[in-house]
Amino acid sequence: MTLYAPSSVKKNRDQFRPGSTSVKRLEKMLALRKRLFSLLAFRRGANRLRNYGKISLLFLLVAILLYSGVQYALDKAYGLNVERIVFKSRHGILDKEKALHLLGLQGSVNMATLDTKALHDRLESIPGIRSAIIQAELPNSLLIEVEERIPIAYVAWEHGARTGDRTRFFVDPEGVLFSVHEELHSKFLGVPTWYLRPEDATELHEGMKLAPEQVRPIARIVAAANAYTPEEIPPIVEIFRPKDWKIQLILDNGTEVTMEQRNIREQMERLAFILDHARATHRRLISANVIPVINPVAIFEEPDPSKNEKKSPSK
């Protein structure tokens, strides 16, 4: 048979439990030695240690789990190497091997330590590169896209032959100068040389940009000439600008051509017509002034009559 204590008795009994205020007040009245060796104090301390131990153990387990998770993620990241590099060149001047050499990506490349922004800035700092895109594509791919500058002509000093200054750079349609790499630019080694006057620029160095009004007519001349085959218009070898409005060309066959910086395409059409007439009449064109719309000036080398005389048979 189970007996139940009245609520008043239970209440009076609870006031003497270890956590009650009355017990703590009575404990303070005891001597220090008795308080230290009190059974209630010992039990209370043990309970506290037990609670602190449970909390510490919980924190330790959480810390171990977090550490393990971070360590696992780092191990996976540092163990993830680039296995596939996709390289695209806008004009086919720069190849994949040369691009990786410029970027310093030799051997294995880790995705975790790959700084794509730094690689992008390194490529675009090269004057021969107009723009670049570098993207890391998880889990193990790297995309590299470059747009190279197209050389339209060499740039050199007009007085270089006299002074011995052989400084020479490529120039693109935007007027940017960049170094000549024979292996890299093998397809463009035959572009004409544009000779600058001292008043055109004070210095020549890689990365500098010429004024647009200087470059624009040269780019138009090169583009207009490239629309014809070498048989129709021989390649341009040299370009001079004796005056701001006047341009002189030296063709591969030695023909000198005088033009102005306006209406380039129409003047090139007149030059093609004159050269066609020279071939039809079996004469070599020495010089031509294609500025006049009507009756452009053309000077031909007359054939040597002695070469056409038939040798009389020997008796």
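Quick note: structure is the one above.
All values reported here derive from a predicted model rather than from experimental measurement.

Enquirer: Let's hear about the environment of Ile-218: which residues, and what values?
Expert: Residue position: Ile-218 is located in helix H8 (residues 212-226). A relative accessible area of 0% means that Ile-218 is categorised as buried. Spatially, the C-alpha atoms of Ile-218 and Pro-192 are 10.0 Å apart, while their sequence positions differ by 26 residues.

Enquirer: Requested: an account of the sheet that holds strand S10 (residues 256-260), with residues and values cited.
Expert: As summarised here, the arrangement of the 9 strands in space is S6-S5-S4-S7-S8-S9-S10-S11-S12, forming an open sheet in which the pairing is mixed. At either end of the open sheet lies a strand with only one pairing partner, and these are strand S6 (177-178) and strand S12 (297-301). Here 2 bridges tie strand S5 (residues 168-171) to S6, and the two strands are oriented antiparallel to one another. Bridging from a neighbouring strand, Phe-170 pairs with Phe-178 of S6. Strands strand S9 (246-251), S10, strand S11 (284-289) and S12 of the sheet are contacted by helix H9 (residues 264-280), whose axis makes an angle of about 155° with S10.

Enquirer: Could you give an account of the nonpolar core, with specific residues and numbers?
Expert: Of all hydrophobic cores here, the largest spans 39 residues; its most connected members are Trp-194 and Leu-210. Leu-210 has contacts with Val-155, Val-171, Glu-174, Gly-175, Leu-177, Trp-194, Leu-196, Ala-201 and Val-215, leaving out every residue within four places of it along the chain. In this structure, Ala-99, Val-109, Leu-119 and Ala-132 belong to the second largest nonpolar core, which totals 18 residues.

Enquirer: Talk me through the packing of H8 against H9; I want residue IDs and the actual numbers.
Expert: Axis separation between H8 and H9 bottoms out at 9 Å; the angle between their running directions is 40°. Comparing their axes, H9 and H8 come out oblique. Crossing of H8 against H9: the hand is right-handed. In this structure, H8 uses Arg-220, Ile-221, Ala-224 and Ala-225 to contact H9, whose residues at the interface are Ile-264, Arg-265 and Met-268. When grouped by side-chain class, the residues that make up the contact of H8 with H9 number 5 nonpolar, no polar and 2 charged.

Scoring rules and cut-offs
- Counting restarts for each chain: residues are numbered from 1 in the order of the written sequence.
- The predicted nature of this model means local features are confined to residues of pLDDT at least 70 and side-chain atom pairs, given and counted, to a pLDDT of 80 or more, with totals for whole chains, interfaces and linings taken over all residues.
- No hydrogens and no water enter the side-chain calculation; it runs on all heavy atoms of the structure.
- Secondary structure is summarised from DSSP: a helix means a run of H or I of at least four residues, a strand means a run of E of at least two, and numbering begins at the N terminus for each.
- Burial classification: accessible surface area is computed with a 1.4 Å probe over protein chains only, and a residue below 20% of its type maximum counts as buried, one above 50% as exposed, and the rest as partly exposed.
- Strands are treated as partners if at least two bridges between them are detected by DSSP.
- When checking whether two residues touch, look at their non-hydrogen atoms; a contact exists if any pair is within 4.5 Å.
- Only the contacting stretch of a helix is used when fitting its axis, a line to C-alpha atoms as for every element, and angles between N-to-C directions run 0 to 180 degrees.
- Definition of nonpolar core: a set of buried residues of the types Ala, Val, Leu, Ile, Met, Phe, Trp, Tyr and Cys, connected through side-chain atoms within 4.5 Å.
- Each angle is binned into one of four classes, with values under 35 degrees roughly parallel, values over 145 roughly antiparallel, values of 65 to 115 roughly perpendicular, and all other values oblique.
- Definitions for this section: a left-handed crossing has its near helix turned counterclockwise from the far helix by less than a right angle. A right-handed crossing has that turn clockwise.
- Classification convention: Asp, Glu, Lys, Arg as charged; Ala, Val, Leu, Ile, Met, Phe, Trp, Tyr, Cys, Pro as nonpolar; all other residues, Gly among them, as polar.

Any link to function would need more than the numbers given here.
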